[in-house]
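Spelled out, the chains give:
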Amino acid sequence: MKKMSFLFLCVLVCAGIAAAQSQSGMKKRRPLPYEYGKVVINNYSEKAGFASVVFDHWVHRSKFTCRLCHVDIAFAMKGGGTNIRAADNMNGYYCGACHNGKLIIDKTAVFEACAKKLGGENGRRCERCHSQGKNVKPERDFMEFASRLPKERFGNGLNWEKAEADGYIKPLDFLESVSIRKPALAVPKEMFFEPKGAEMPDIIFSHKKHTVWNGCELCHPEIFVSVKKGSRKYSMEEIFEGKYCGVCHNAVAFPLLDCQRCHSKQV
Amino acid sequence: MRKKIAYCVFILAAAAALVCSVAVFPDNAFRSAGIACAQDDWKAEFEDICFRTDDSLSLTNEELRRLVSRCDALKPRIEKLDETERKVFLQRLRMCRDLFAFVLESQEKK
């Protein structure tokens, strides 16, 4: 009888904790590898009678650098922050910069985004992006794509950096008539940051690794506003809230759970 | 003397033809070419400015200041463009300008 009461008490306590967590929204379900980096965009879609747009970062980052889309094409760094309209795409901007039925990627023309006439073939095309809540079979299968790439523990479960270094992916950084041909990038030196907690190894920040995909203006000064090293303290709380490193490293790039990828100085 | 008169008549006729063609055919090639030129004008300036972002660290403070000024001068011209183009290029110009200002400030504080 005592055992039964103890078990009942345990179940009650667990249920209480679970209920409290779900109500306060403290514990979020960790996204599955193919979901990591997914952005749902609904500025105008539902008002126009369409499903929201589901944008998978993994498909796009396997083909293009972050800089190409967030600097040259001018996509905002926050989901829905760009306020993309169908007319923008049809004019050849934003999604329409590549999704124009003309750009050839992997020997295939990239399908055209948005159309004035709906229905028929166009209707099916709409659903390739306006797919939230719909059972649309994606053209590219994540598992098949991921099977040949170097693995990691978190996020998409892939080591994107190694994937590029080993030649599995070759992200484009230039789009004709959109990008500007520039001189070679001047890369600043690596930086070392001392963490607040003495038990953690120092952080090595590699400008080289970051600029190869991001350029300079993607991070400075919008994300990192400080002009002098050490003049600003970055707390893990703020980073987990999506500031500083957390803008990318909690959304698209390897997540913050992967401590030793930043706290990487040998001790 | 005759040669001079003939030359003047030719110039006047050419000018009149140009004015008439613009007035009669509002979408003619001359006008399109003019618009294209004006468009290329701001775009060329935009590209010439933002071309420097990747090597902004190697620029002098004076060069950076000049680039920031050029961004500020270009902004009103981009603000006159169509909605989509305006949105895209204002964002791109802002990123260039902010980076130049950032590098300038960091160099001045060194």
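Residues numbered from 1 in each chain as written. Chains lettered and ligands numbered in written order. Predicted model: local features only at pLDDT ≥ 70, side-chain atom pairs only at ≥ 80, totals over all residues.

The subject of this paragraph is the overall build of chain A. Scanning chain A from N- to C-terminus turns up ten helices and six strands. In chain A, once contacts between residues fewer than 6 apart in sequence are set aside, the share between residues at least 24 apart is 49%. (Helix = DSSP H or I, 4+ residues; strand = E, 2+ residues; numbered from the N terminus. Contact = placed C-beta atoms within 7 Å.)

All names here are of chain A. Take Arg181: it is sitting in the loop between helix H7 (160–165) and strand S5 (191–193). For Arg181, a count of 7 C-beta atoms within 10 Å gives the class exposed. As for Arg181 and Glu46, which are separated by 135 residues in sequence, their C-alpha atoms are 38 Å apart. (Buried ≥ 20, exposed ≤ 12 C-beta atoms within 10 Å, placed from the backbone.)

Moving on to the interface of chain B and chain A. Between chain B and chain A, the contact holds 21 residues from the first and 20 residues from the second. Elements represented by at least two residues in the side of chain B that touches chain A include exactly helix H2 (29–50) and helix H4 (83–108) of chain B. The element contributing the most residues to the side of chain B that touches chain A is H4(B), with eleven residues.

Time to look at the nonpolar core. Soluble globular proteins tend to bury their nonpolar side chains together. In this structure, A:Ile73, A:Tyr94, B:Ile49, B:Leu93, B:Cys96, B:Leu99 and B:Phe100 are the most contacted members of the largest nonpolar core, which totals 41 residues. Mapped by element, the contributors of at least two residues to this core are helix H3 (66–72) of chain A together with H2, helix H3 (61–78) and H4 of chain B. When residues of this core are assigned to their parent elements, the largest contribution, ten residues, is made by H4(B). For B:Cys96, the residues in contact, after removing those within four places along its chain, are A:Glu217, B:Ile49, B:Cys50, B:Thr53 and B:Cys71. (Core = buried A, V, L, I, M, F, W, Y, C linked by C-beta atoms within 7 Å.)

The next point concerns the confidence of the model for chain B. If pLDDT is low for a region, its predicted coordinates should not be looked at in detail. All names here are of chain B. Per-residue confidence for chain B averages 82 on the pLDDT scale, and 65% of its residues sit at or above 70. Mean pLDDT values for the elements of chain B range from 59 in helix H1 (residues 2–24) up to 98 in H3. Across residues 22–32, where pLDDT falls below 50, the model places eight contacts with residues more than four positions away in sequence or in other chains. Both confidence scores are given for the complex: pTM 0.82, ipTM 0.85. (pLDDT = per-residue confidence, 0-100.)

The next thing to look at is unusual backbone geometry. All names here are of chain A. The omega torsion across His220 and Pro221 is -5°, close enough to zero to call that bond cis. Turning to its location among the elements, Pro221 is positioned in the loop between helix H8 (207–214) and helix H9 (236–240). Phi at Tyr94 is positive, roughly 50°, even though this residue is not glycine. Its place among the elements puts Tyr94 in the loop between helix H4 (86–90) and strand S3 (104–105).

Residues and elements named next belong to chain B. Relative to the helices and strands, Leu74 resides in helix H3. Expressed as a C-alpha distance, the spacing of Leu74 and Leu93, which sit 19 residues apart in the sequence, is 8.6 Å. Setting aside anything within four residues of it in sequence, one finds Leu74 in contact with Trp42, Glu45, Phe46, Ile49 and Leu93.

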